[in-house]
Amino acid sequence: MATILAIESSCDETSASVCVDGKILSNHIANQTVHEQYGGVVPELASRAHMQNIVPVVDVALKNANIDLSVVDAIAFTQAPGLIGSLLVGAQFAKSLALSLNKPLIAVHHMQAHVLANLIDDPKPEFPFLCLTVSGGHTQIVKASSPNELKVIGETIDDAAGEAFDKSAKLLGLPYPGGPLIDKYAQQGNPTAFKFAEPQIPELNFSFSGLKTSVLYFLQAKQKEDPEFINKHVNDLCASIQSTIINILMKKVKKAVQQTGITNVCIAGGVSANSGLRTTLTEWGEKNGWKTFIPQFQYCTDNAAMIAITAYYKYLQADFVDLSVSPTARANW
Amino acid sequence: MVKTYNIAELDSLAREIWQEGKSFKTWAFYAPMGAGKTTLVHSLCEFLGVKETISSPTFALINEYSSPVAGTIFHMDWYRLKDEQEAVQAGMEDAILSNNYCFIEWPEKAEEILPENIFRINIELVDENTRRITTSAKAFNKKD
């Protein structure tokens with residue numbers, strides 16, 4: 001039996017999870033709603049909130065799993081990447097706990113954990129699989145050969161997909177966070193109403209800054225003719241922007257499948273909550289003969305269950321770290 | 001320097017602005033959204049031999065790269081910061097005071113923490129594919 005307590009605090013959510021032999025027993029997340037009024041996550045507010053949240057969040061995770069701290073076999077935490085002040089709170093808490101319980105400590109890479117969130121529930125993808133990880137700060141295609149062999153084979157050279165959603169929403173005058181609103185309005189709109197530029201980027205890398213410029217110019221020109229243009233066409237605009245972003249993502253996924261011959265395709269990260277992306281992945285899978293996998297929503301956004309499942313596989317390899325470990329804002333794999 | 005350019009000319013532009021601005025450690029990139037700040041910093045860092053992924057720091061606030069030419073480069077984006085106090089708390093001032101190269105997008109969010117001597121870059125939109133860059137290497141006039 002391996003019982004793991006995992007802590008995630010890389011950005012604005014404090015989360016703790018208990019995992020026993022690869023099965024998630026609890027995944028408790030405290031959201032920081034304070035950031036909405038600022039139009040984004042504010043680092044200092046985030047780390048202060050983590051400090052307030054971390055003890056109660058861990059308590060709830062243990063209680064929901066019906067697990068006593070004394071039976072925990074290892075403590076896991078998010079080591080990188082993220083906001084440094086936020087990471088430090090989780091790292092320090094995990095290190096202190098590991099020291100006081102005299103249990104091993106496991107350092108987890110947040111982006112690897114997003115990928116392995118696909119191993120939480122059945123049906124799980126068989127190795128090797130490809131994972132498109134899309135969030136506010138990241139856009140990557142990862143080739144997973146085993147739980148411990150993950151390789152980034154494509155990534156963004158400028159904005160992340162989530163940033164493309166949020167900044168397009170800003171250009172449309174929508175409030176923060178704009179991504180979910182685009183998704184909502186897009187469901188009432190025509191995705192082929194307007195055409196925006198798609199980038200020509202080599203290999204499996206992504207670019208979204210050209211789309212932003214394309215949207216900006218299109219809106220400027222249209223608003224000159226009709227100042228009410230955005231209000232009149234918000235649904236079609238959202239649908240067209242969303243469809244362009246999804247197309248950019250899916251074309252590279254298709255290219256990755258062709259290059260690697262791997263047909264198990266997963267998605268992960270906060271943007272995988274987007275209903276258009278979920279539907280498109282499933283459709284392209286059916287059309288092209290891929291097996292597609294989408295984690296439950298609670299395992300797509302930042303959460304400790306994905307840290308716990310990743311730590312479980314590290315535990316099996318006895319991949320532990322000592323107390324000298326420090327979190328880092330950016331880290332290679 | 002005042003120059004009109006398109007995306008195909010970015011590589012040669014990167015070389016030119018490096019020659020002009022390299023004696024300044026802090027570079028402030030002023031431009032509206034979609035003008036190509038990240039794209040220009042990307043070209044500049046590629047020119048300087050950065051091997052790490054160069055991407056938008058809007059989410060992370062600060063990216064750190066290493067260049068065989070320029071040493072450590074901090075690529076910052078203050079878009080999400082509200083004011084100077086938040087910029088200081090987020091470690092932006094520490095990065096500037098480290099005396100490494102700092103390429104800052106959205107510097108207008110916290111101008112008070114910029115040092116006296118900066119290399120100032122303005123990008124204006126001319127049309128969808130064309131931009132005008134104006135650089136000025138001079139002391140930054142602080143607000144009183």
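Sequence order sets the numbering: in each chain, residues are counted from 1 along the sequence as written. Whichever chain is written first becomes A and whichever ligand is written first becomes 1, with later ones labelled in order. Two thresholds apply to this predicted model, a pLDDT of at least 70 for residue-level local features and 80 or more for giving and counting side-chain atom pairs, whereas whole-chain, interface and lining totals are computed over all residues. Hydrogens and water molecules were not included; the side-chain quantities draw on all heavy atoms of the structure.

A run of H or I in DSSP becomes a helix once it reaches four residues, and a run of E becomes a strand once it reaches two; helices and strands are each numbered from the N terminus. A tally of regular secondary structure across chain A gives nine helices and ten strands. We compute the radius of gyration over the C-alpha atoms and compare it with the globule rule, which gives 2.2 Å times the number of residues raised to the power 0.38. For chain A, whose C-alpha radius of gyration is 20 Å, the value lies close to the compact-globule estimate of 20 Å for 333 residues. Contacts are assigned to residue pairs with any non-hydrogen atoms lying within 4.5 Å of each other. Contacts in chain A between residues far apart in sequence, at least 24 positions, make up 73% of those at least 6 positions apart. Positive residues here are Lys and Arg, negative ones are Asp and Glu, while His and the chain termini are left out of the count. Just so you know, the charge point we use is NZ for Lys, CZ for Arg, CG for Asp and CD for Glu. With 25 positive and 30 negative side-chain charges, chain A shows a separation of 5 Å between the mean positions of the two kinds.

Here, a salt bridge means any Lys or Arg side-chain nitrogen found within 4 Å of an Asp or Glu carboxyl oxygen. Summed over all chains, the structure comprises nine salt bridges over all chains. A salt bridge links D226 of chain A to K232 of chain A, with the nearest nitrogen and oxygen atoms 2.7 Å apart. Of the charged contacts, one joins E16 of chain B and K3 of chain B as a salt bridge, the two residues approaching to 2.6 Å between their closest N and O atoms. Here K3 of chain B lies in strand β1 (residues 2-6) and E16 of chain B lies in helix α1 (residues 10-21), a separation of 13 residues in the sequence. Note on exposure labels: buried denotes an accessible area under 20% of the residue type's maximum, exposed denotes more than 50%, and partly exposed covers the range between, all computed with a 1.4 Å probe on protein chains only. For E16 of chain B, a relative accessible area of 32% corresponds to the partly exposed category. Taking the relative accessible area as the measure of exposure, K3 of chain B reaches 29% and is therefore partly exposed.

Residues and elements named next belong to chain A. Looking at the secondary structure, you find I309 in helix α9 (residues 304-316). Taking the relative accessible area as the measure of exposure, I309 reaches 0% and is therefore buried. Counting along the chain gives 305 residues from I309 to I4, while the straight-line C-alpha distance between them is 8.7 Å. With sequence-adjacent residues up to four places away left out, I309 is seen in contact with G22, I24, L116, A117, L119 and I120.

Size of an interface: often given as the accessible area lost when the parts come together. At the junction of the two partners, chain B supplies 31 residues and chain A supplies 27 residues. Summed over both partners, the accessible area (1.4 Å probe) lost when two parts come together is defined as the buried area. Across the interface of chain B and chain A, roughly 2,300 Å² is buried in total on both sides, 57% from carbon and sulfur atoms. When the area that chain B buries against chain A is broken down by residue, the three leading residues are M33, F59 and R80 of chain B, summing to 27%. Put simply, chain B and chain A have zero salt bridges between them. We call two N or O atoms a polar contact when they sit within 3.5 Å, provided that within protein one can donate a hydrogen and the other can accept it, with sequence-adjacent residues counted only if both atoms are side-chain atoms. Put simply, chain B and chain A have nine residue pairs in polar contact (both at pLDDT 80 or more) between them.

Further remarks concern the nonpolar core. In terms of nonpolar packing, the biggest core is built from 70 residues, with L132, L237, L249 and L277 of chain A together with M76, W78 and M92 of chain B touching the most fellow members. For L249 of chain A, the contacting residues outside a window of four places in its chain are L132, V134, T139, A161, F206, F208 and L277 of chain A. Grouping buried Ala, Val, Leu, Ile, Met, Phe, Trp, Tyr and Cys residues that are joined through side-chain atoms within 4.5 Å yields what is termed a nonpolar core. Of all hydrophobic cores here, the second largest spans 32 residues; its members include I4, V108, L119 and I120 of chain A.

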